[in-house]
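An overview of the molecular structure
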Amino acid sequence: GPDLGEKPELRYKRVLKLPTGQEVDLVVTNTTEYIPRNTSKNDEHHCVGRINVQSPGSLTMKFKLVNAGTDDLADDIEHDFTVMDLDHSKSGMMEAITTSGFHGTPLSVIPPVPEADGVSYTFKGLDHSAAVHDPKSPWNLTQKQLEASVGFRFPGGRSWEVTFTTWDENRVMT
């Protein structure tokens, strides 16, 4: 959606072409209430997707790689997934993500904070970060954009969830 009669999902079409020729879509659905500030900011530019979220707030989204045009999970495609732009906004909002199920050590200068469930980790925008210009491509990030990013490797054949949280930096995040 938001198109009436359509599935309530964002589908990024043909994000990957396998050596077999099979193309893969990235499907994104929310598992919590979605409150945007401005849905016109939801977009895709090359291999970078952007999803607008009301601040302060929180949103959990499920991501899955599927065979193009279907809902069938793509088999055993270990894949990289990067969240960029974990910074302060100009209005003083901080940003963080929480996720689990990734392989190895995430690529980031942002230290992971273990959650009470023993399997999830939270990555908070660095205290010294400031509003960073939104990246347009993962291939030419500035140093500040790189420092405000976290790269993961997820196993194939299953979905994964990421919780995006924003809060006022003058208040304590719980």
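This is a predicted model, so every value here is computed, not measured. (Residues numbered from 1 in each chain as written. Predicted model: local features only at pLDDT ≥ 70, side-chain atom pairs only at ≥ 80, totals over all residues. Heavy atoms only, no water.)

**Observations regarding the overall build of the protein**
To keep things clear, this is the line we draw: We count a stretch as a helix when DSSP gives it H or I for four or more residues in a row; a strand needs E for two or more, and each element gets its number in order from the N terminus. Think of it in three bands: with a 1.4 Å probe and only protein chains considered, a residue is buried below 20% of the maximum accessible area for its type, exposed above 50%, and partly exposed in between. In these tables, accessible area is a Shrake-Rupley quantity obtained with a 1.4 Å probe, and a residue counts as shielded only by the protein chains included in the view.
Scanning the protein from N- to C-terminus turns up 1 helix and 12 strands. Going from N to C terminus, the protein has its helices and strands arranged as β-β-β-β-β-β-β-β-β-β-α-β-β. Burial statistics for the protein: of 174 residues in total, 34% are counted as buried. Total accessible area on the protein stands at roughly 10,800 Å², and carbon and sulfur atoms take up 51% of it.

**A few points about the sheet that holds strand β6 (residues 79-83)**
Threshold: Two strands qualify as a pair provided DSSP detects at least 2 bridges between them. Between N-to-C directions, angles cover 0 to 180 degrees, with each direction set by a line fitted to C-alpha atoms, over the stretch in contact for helices.
One open sheet accounts for 3 strands, arranged β6-β11-β8; its pairing is antiparallel. One side of each edge strand has no neighbouring strand; the edge strands of this open sheet are β6 and β8 (103-107). Ignoring which end each strand starts from, the neighbouring axes of this sheet average 20 degrees apart.

**Overview of the environment of glutamate 161**
Where we set the bar: Residue contacts are counted whenever heavy atoms from the two residues lie within 4.5 Å of one another.
Note on placement: glutamate 161 falls in strand β12 (residues 160-168). Once the C-alpha coordinates of glutamate 161 and threonine 31 are considered, the two residues, 130 residues apart in sequence, prove to be 8.7 Å apart. Leave out the neighbours within four places in its chain, and glutamate 161 touches Thr31, Thr60, Met61, Lys62, Thr98, Thr99 and Ser100.

**Observations regarding the packing of aromatic side chains**
The geometry of an aromatic ring pair is captured by two quantities: the separation of the ring centres and the angle between the planes. Selection criterion: Each Phe, Tyr or Trp ring, with Trp reduced to its six-membered ring, pairs with another whose centre is within 6.5 Å; inter-plane angles below 30 degrees give stacked pairs, above 60 give edge-to-face pairs, and intermediate values give tilted ones.
Throughout the structure, instances matching the rule amount to 10 aromatic pairs. Here the aromatic rings of phenylalanine 152 and phenylalanine 154 are separated by 5.8 Å at their centres, their planes lie at 40 degrees, and the arrangement is tilted. Accessibility classification places phenylalanine 152 together with phenylalanine 154 in one group, the buried group. An aromatic cluster of at least three residues, connected via ring pairs, comprises Phe63, Phe81, Phe102, Tyr121, Phe123, Phe152, Phe154 and Trp160.

**Side note on the pattern of salt bridges**
To keep things clear, this is the line we draw: Within this document, salt bridges are pairs made up of a side-chain nitrogen of Lys or Arg and a carboxyl oxygen of Asp or Glu, the two lying within 4 Å of each other.
This structure, assessed with the given rule, holds 7 salt bridges. Measuring nitrogen to oxygen at the nearest pair gives 3.0 Å for the salt bridge that ties aspartate 25 to arginine 11. Here arginine 11 lies in strand β1 (residues 10-17) and aspartate 25 lies in strand β2 (residues 23-30), a separation of 14 residues in the sequence. Judged by relative accessible area, aspartate 25 falls into the buried class, the value being 2%. Among the residues examined, arginine 11 registers a relative accessible area of 22% and is labelled partly exposed. Put simply, Lys7, Glu9, Arg11, Asp25 and Asp71 are held in one network by salt bridges that share partners.

**Observations regarding the side chain of glutamine 145**
What counts is decided by this rule: Polar contact is the term for a pair of N or O atoms within 3.5 Å; when the atoms are in protein, one must be able to donate a hydrogen and the other to accept it, and sequence-neighboring residues count only if both atoms are side-chain atoms.
Among the secondary structure elements, glutamine 145 is positioned in helix α1 (residues 143-147). Here the side chain of glutamine 145 touches histidine 133 through a polar contact of 2.8 Å, landing on its backbone oxygen. Other than its neighbours up to four places away in sequence, glutamine 145 contacts Val132, His133, Asp134, Pro135 and Asn140.

**Focus: the pairing of strand β5 (residues 57-67)**
Where β2 lies against β5, 7 bridges are found, and the strand directions are antiparallel. Each residue of the ladder has a partner; that of valine 24, found in β5, is asparagine 67. Both β5 and β12 contribute to a ladder of 7 bridges, which runs antiparallel. Residue pairing for β12: glycine 57 is matched across the bridge by threonine 166.

**Some words on the sheet that holds β12**
Read from one edge to the other, the open sheet built from 7 strands follows the order β1-β2-β5-β12-β7-β10-β9, with strand pairing classed as antiparallel. Looking at which strands have only one partner, the edges of the open sheet turn out to be β1 and β9 (113-114). Inspection of the sheet shows β9 paired to strand β10 (residues 121-124) by 2 bridges, in the antiparallel sense. Bridge pairing links proline 114 to tyrosine 121 in β10.

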